[in-house]
Amino acid sequence: MTDQEVQKAFDEVYNKFWLNYRDKPLPRQSDEWERMNSWAAVLMKKYPFMEQLVAEMVAEFGQRMWRKEDDQ
């Protein structure tokens with residue numbers, strides 16, 4: 001694995017995926033929630049060395065979603 005491959009993985013996982021969803025909790029069963037999960041699956045397959053990180057991000061999005069729903 002080259003430095004450029006690692007940089008590309010972090011750019012896509014953090015700068016695109018995480019920053020896209022971190023501040024907008026998604027409603028359960030929404031199309032956007034499904035799109036986020038599909039994107040996460042693609043990232044985990046594309047970057048196996050980041051699989052655990054992506055899974056933790058999805059779990060965090062889930063926690064944020066449930067906290068938001070509990071507040072309402």
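Residues numbered from 1 in each chain as written. Predicted model: local features only at pLDDT ≥ 70, side-chain atom pairs only at ≥ 80, totals over all residues. Heavy atoms only, no water.

Colleague: Outline the environment of Lys8, supporting the account with residue identities and numerical values.
Modeller: Secondary-structure assignment places Lys8 in helix H1 (residues 3–21). Put simply, Lys8 and Tyr47 are 39 residues apart on the chain and 9.7 Å apart in space, counted from C-alpha to C-alpha. In this structure, Lys8 is in contact with Lys46 and Tyr47, ignoring residues within four places of it in sequence. (Helix = DSSP H or I, 4+ residues; strand = E, 2+ residues; numbered from the N terminus. Contact = heavy atoms within 4.5 Å.)

Colleague: Tell me what's going on with the environment of Met57, and back it up with residues and numbers.
Modeller: With respect to the helices, strands and loops of the structure, Met57 is situated in helix H3 (residues 51–71). Note: C-alpha distance between Met57 and Asp31 (26 residues apart in sequence) is 18 Å. Sequence-distant contacts of Met57, defined by excluding residues within four places in its chain, comprise Val13, Phe17 and Trp18.

Colleague: Describe the packing of H1 against helix H2 (residues 31–46), naming the residues involved and giving the relevant values.
Modeller: Where H1 contacts H2, the axes come no closer than 11 Å and their chain directions differ by 170 degrees. Relative to H2, the element H1 lies roughly antiparallel. Counting all contacts with H1, which are made through Lys8, Glu12, Val13, Lys16, Phe17, Asn20 and Tyr21, the residues of H2 involved are Glu32, Arg35, Met36, Trp39, Ala40, Leu43 and Lys46. Of the residues in the contact of H1 with H2, the class split is seven nonpolar, one polar and six charged. (Axes fitted to C-alpha atoms, helices over the stretch in contact; angles between N-to-C directions. Parallel < 35°, antiparallel > 145°, perpendicular 65-115°, else oblique. Nonpolar A, V, L, I, M, F, W, Y, C, P; charged D, E, K, R; others polar.)

Colleague: Before we move on, can you summarise empty space enclosed by the protein with the specific residues and values?
Modeller: Overall, the coordinates contain one cavity of 30 Å³ or more when judged by the stated rule. Taken as a whole, the largest cavity spans an internal volume of roughly 40 Å³. Tyr21, Arg22, Lys24, Pro25, Leu26, Trp33, Phe61, Arg64 and Met65 are the residues that line the largest cavity. (1 Å grid on protein atoms, 1.4 Å probe; cavity = no way out; pocket = protein on both sides within 12 Å on 5 of 7 lines; lining within 4 Å. Points joined across faces, edges and corners; volume = space filled by probe spheres on them.)

Colleague: Residues and numbers for the pattern of salt bridges, please.
Modeller: As enumerated under the stated definition, the model contains five salt bridges in all. Residue Glu12 pairs with Lys46 through a salt bridge whose shortest N-O separation is 3.0 Å. With a gap of 34 residues between them, Glu12 in helix H1 and Lys46 in helix H2 connect regions that are remote in the sequence. Residue classification places Glu12 among the buried residues on the basis of a relative accessible area of 14%. (Salt bridge = Lys/Arg side-chain N within 4 Å of Asp/Glu carboxyl O. Buried < 20%, exposed > 50% of the residue type's maximum accessible area, 1.4 Å probe, protein only.)

Colleague: Requested: an account of the side chain of Ser30, with residues and values cited.
Modeller: Residue placement: Ser30 occurs in the loop between H1 and H2. At a separation of 3.0 Å, a polar atom in the side chain of Ser30 contacts the main-chain amide nitrogen of Trp33. (Polar contact = N/O pair within 3.5 Å; in protein donor to acceptor, adjacent residues only side chain to side chain.)

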